[in-house]
Structures are given as C-alpha cells and as structure tokens.
Amino acid sequence: MALTSKKIVGTTILAMIPGLMGMAIVWGMGILQNLILLLIFATITDLAILKVKALPFSQYRKVYPSSTLTVLLISICLPPAVTPGILLVACLASIGLAREAYGGIGRNIYNPAMVGYAVIVLAFPHQLAIWPSEVNGLTGATLLTEFKYRDGITITEFLSTHHLTVRSSQLVTLAFLLGGFFLLYKKIITWHIPLTILITMIVLAQWGYDSGSSQSGGSPWFHLTAGGLVAAAFFIATDPVTHPVRKELQIIFAILVALITYLVRTEGSFPDGIAFAILLANCFTPMINRLGMTRKTAE
C-alpha cells in the first residue's frame, strides 16, 4: 500500500507518544502544558491564515495534521511550562513563516518545526535554558549546558554529580528510539538519515574523546543520549519535504547534520546545535539534489 501524507503524519504522531510520555514523566506536566498551548495557537494561526487567503474554514481539515505534527516536534525541544507568548511566536514562525511564506504544505525549504524553535531560542535564550533541577526540584541548565561549561572538571567528576539528569536523559532517549524503530518498522522512514546521523556522531565523538579529561569533548554515548539527537535523527531530519530525494544523497545530508551538530556542541556558543544543523543542511538540499541529478544524467 502506498504511503499517503495522512498516513505518514498519523503514524509519526503515534510514534512520538512514548517520547512525549517519557518527557512528561521526567520533567513534569509542564511538557503537556506546552503541547496543549501549541495546539491551540496552531489552530488559531491556521484559521487566521485561511481568513487572510480568503479560503473557507473547511480547508482547515487539510492543514491541521501538518500543523499538529509541527507543534509536536517543537514541543520535544522545549523545557516544561514555557511562557505562552513564546509558544505563540514559535507557532507564527513555523506555520506562518517557514510553511506559508513558501507557498504552503510541501513547498517549504526549511523544516518548519526547526524554524519555529530556532526563532524562539535565539530571541528568548534564557527562558528556554531553564529546566527542572535534579538537586532541589527548582530550575537549572540543561545537561549539555552544564557539560559545556563545567570549568576544569573531568568527565567522571561531572557524571558523578549529574547522574540523575544523565539517567533521565537516557530514559527519554530510549523512548524516542523506540518510536523511531516503530517508524522504520512501518516503513514511514528509511534507515539512511537516522542511522547515518548516529554513526557519524559516534565517530566524531570518539575522535574528540580523550578518555575523560577536563578538556574532553564527551564520549560517544554521552553525545547520543544527552540532548535531542536521537529524537531529531528519527523524527525531524527525516522530514520528506526538506531532505534530498535519493537515498544515497540522504546519507550526505545526514553526515552534514551530524557534523554541524558536533561542531556547535564542542566549539559553538550554544550547547546543542541540532536545530541549526538541520536548517543549515536544508540549505544544501537543493544543491545535493542537483548533484544527484547531474550524476544520474552523466550515467
């Protein structure tokens, strides 16, 4: 049976449930609060766009699955209980700017969810850096932020003082990994992008790992389980509209995503660069596609 856009979106949303549940268990009901508000704002944004385009509101049935998936993908990047105004900006940027400004569903160049997230993380960096703390139940920085600015502490010392956060991150990673395997089983995605991203990150992290000194870039296992690498590899980078068409070209795309992510994590000013990596790789998608077409023609 051929895959339809409705089936792709529906199955992807279903596969995200374990990861979202894992996030809610680890970080609290504020995760679900984000999701509910994002769904409300996405609905308002869609209806406003239909009004501006002078289309009947009955057309909403055609756009709401895409918007639902977009805000779900944004929600997995956010700490719990984000300010409603920030969530509204994310919806306007993802749906209004990244999708509709390029002509609507299927015509966007950049991943809408990552555009929405990138806009708010650049505009409101401090608000989006606040996560529940493992020590006293208050708030603290993300695991990647703490690791990046650990100030001369060896990896063993760091892990010994952040073992609860590390364990929580691993639980959420496992939940999204299960959802990713479900997408592979249902043939919604292929292995080319997610597996290449993970393998490339392992290779890069091993290259930058010096057995745990205070200058170490972190072990491969740490880079796989800290942050949203696994979720992004299976659910975001595999967006069929914004990655190359041919499977062998998708491998090039995935290597680029992993390389940029690692460079941002180890050399950049942001603790995790997955959103920027995907958006930059999206920029190269047309060129990669043309490269594939040129080689195919030459053959």
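Structural data are supplied above this passage.
Residues numbered from 1 in each chain as written. Predicted model: local features only at pLDDT ≥ 70, side-chain atom pairs only at ≥ 80, totals over all residues. Heavy atoms only, no water.

Chemist: Is there a simple way to think about the overall build of the chain in this case?
Modeler: From N to C terminus, the chain includes 13 helices and two strands. Taken against the 2.2 N^0.38 rule, which gives 19 Å for 299 residues, the C-alpha radius of gyration of the chain at 19 Å falls within 12% of a compact globule. Split into buried and exposed, the 299 residues of the chain put 46% on the buried side. Long-range contacts, defined here as pairs at least 24 residues apart, represent 74% of the contacts in the chain between residues at least 6 apart. For the chain, the accessible area works out to roughly 14800 Å², and carbon and sulfur atoms hold 68% of it. (Helix = DSSP H or I, 4+ residues; strand = E, 2+ residues; numbered from the N terminus. Rg over C-alpha atoms; globule rule 2.2 N^0.38 Å. Buried < 20%, exposed > 50% of the residue type's maximum accessible area, 1.4 Å probe, protein only. Contact = heavy atoms within 4.5 Å. Areas by Shrake-Rupley, 256 points an atom, 1.4 Å probe, with all protein chains shown as cover.)

Chemist: Looking at this structure, I do not really get a nonpolar patch on the surface. What am I missing?
Modeler: Together, Trp191, Leu195, Ile199 and Val203 make up a nonpolar patch on the protein surface, roughly 380 Å² of accessible area in all. Among the structural elements, Leu195 can be located in helix 9 (residues 192-207). Given the relative accessible area of 40%, Leu195 is considered partly exposed. (Patch = residues over 30% accessible without salt bridge, like charges linked within 9 Å, V, L, I, M, F, W, Y side chains within 5 Å. Salt bridge = Lys/Arg side-chain N within 4 Å of Asp/Glu carboxyl O.)

Chemist: Explanation requested: the packing of helix 9 against helix 12 (residues 247-267) in the structure shown.
Modeler: Two quantities define a packed helix pair, namely the angle between the axes and the distance from one axis to the other. Orientation of helix 9 relative to helix 12, taken along the N-to-C sense of each, is 40°, at an axis distance of 8 Å. By the angle between their axes, helix 9 is oblique relative to helix 12. You can see that helix 9 and helix 12 cross each other, and the crossing is right-handed. On the side of helix 9, the interface is formed by His192, Ile193, Thr196, Ile197, Thr200, Met201, Leu204 and Ala205, while helix 12 contributes Lys247, Gln250, Ile251, Phe253, Ala254, Ile255, Val257, Ala258, Leu259, Thr261 and Tyr262. Within the contact of helix 9 with helix 12, the residues separate by chemical class into 13 nonpolar, five polar and one charged. (Axes fitted to C-alpha atoms, helices over the stretch in contact; angles between N-to-C directions. Parallel < 35°, antiparallel > 145°, perpendicular 65-115°, else oblique. Left-handed = near helix turned anticlockwise from the far one by under 90°. Nonpolar A, V, L, I, M, F, W, Y, C, P; charged D, E, K, R; others polar.)

Chemist: What exactly am I supposed to notice about the state of the cysteines here?
Modeler: Covalent bonding between the sulfur atoms of two cysteines is what defines a disulfide. Evaluation of the coordinates by the stated rule reveals zero disulfides. Cys77 carries a free sulfur, and the closest cysteine sulfur to it, the one in Cys91, is 13 Å from it. For Cys91, a relative accessible area of 0% gives the class buried. (Disulfide = S-S within 2.5 Å.)

Chemist: Got a minute to help me understand unusual backbone geometry in this structure?
Modeler: With glycine set apart, most residues show a phi of negative sign, and most peptide bonds adopt trans. Not every positive phi belongs to a glycine, and Ala54 is a case in point at roughly 55°. Within the secondary structure, Ala54 sits in the loop between helix 2 (30-52) and helix 3 (60-75). Of note, Ala81 is a non-glycine position whose phi angle comes to about 55°, a positive value. With respect to the secondary-structure elements, Ala81 resides in the loop between helix 3 and helix 4 (84-99). When its relative accessible area of 44% is taken as the criterion, Ala81 is described as partly exposed.

Chemist: Honestly, the packing of aromatic side chains in this entry has me stumped. Any pointers?
Modeler: Centre-to-centre distance and the angle between the planes together describe a pair of aromatic rings. Taken as a whole and assessed by the stated rule, the structure comprises three aromatic pairs. Ring geometry for Tyr102 against Tyr110: centres 6.2 Å apart, planes inclined by 70°, an arrangement best described as edge-to-face. Aromatic side chains Phe181 and Phe234 sit 6.2 Å apart centroid to centroid with 85° between the ring planes, which places their arrangement in the edge-to-face category. Within this pair, whereas Phe181 is found in helix 8 (residues 163-185), its partner Phe234 is found in helix 11 (residues 229-236), the two being separated by 53 residues in sequence. Judged by its relative accessible area of 45%, Phe181 is partly exposed. (Phe/Tyr/Trp six-rings, centres within 6.5 Å; stacked < 30°, edge-to-face > 60°.)

Chemist: When you look at the nonpolar core in this model, what are you seeing that I'm missing?
Modeler: Where a protein is soluble and globular, its nonpolar side chains tend to be buried together. In terms of nonpolar packing, the biggest core is built from 70 residues, with Ile76, Leu78, Met114, Tyr117, Ile197 and Phe235 touching the most fellow members. If one sorts the elements of this core by residue count, helix 11 sits on top with eight residues. Apart from residues no more than four positions distant in its own chain, Phe235 is found in contact with Thr12, Ala15, Met16, Leu73, Phe176, Gly179, Gly180 and Leu183. Core analysis: the next-biggest nonpolar cluster, separate from the first, contains eight residues, Leu143, Phe158, Val166 and Phe222 among them. (Core = buried A, V, L, I, M, F, W, Y, C linked by side-chain atoms within 4.5 Å.)

Chemist: Honestly, the environment of Thr173 in this entry has me stumped. Any pointers?
Modeler: Along the chain, Thr173 falls in helix 8. For the pair formed by Thr173 and Ala231, sequence separation is 58 residues and the distance between their alpha carbons is 7.1 Å. Of note is the side chain of Thr173, whose polar atom sits 2.9 Å from the backbone oxygen of Ser169. (Polar contact = N/O pair within 3.5 Å; in protein donor to acceptor, adjacent residues only side chain to side chain.)

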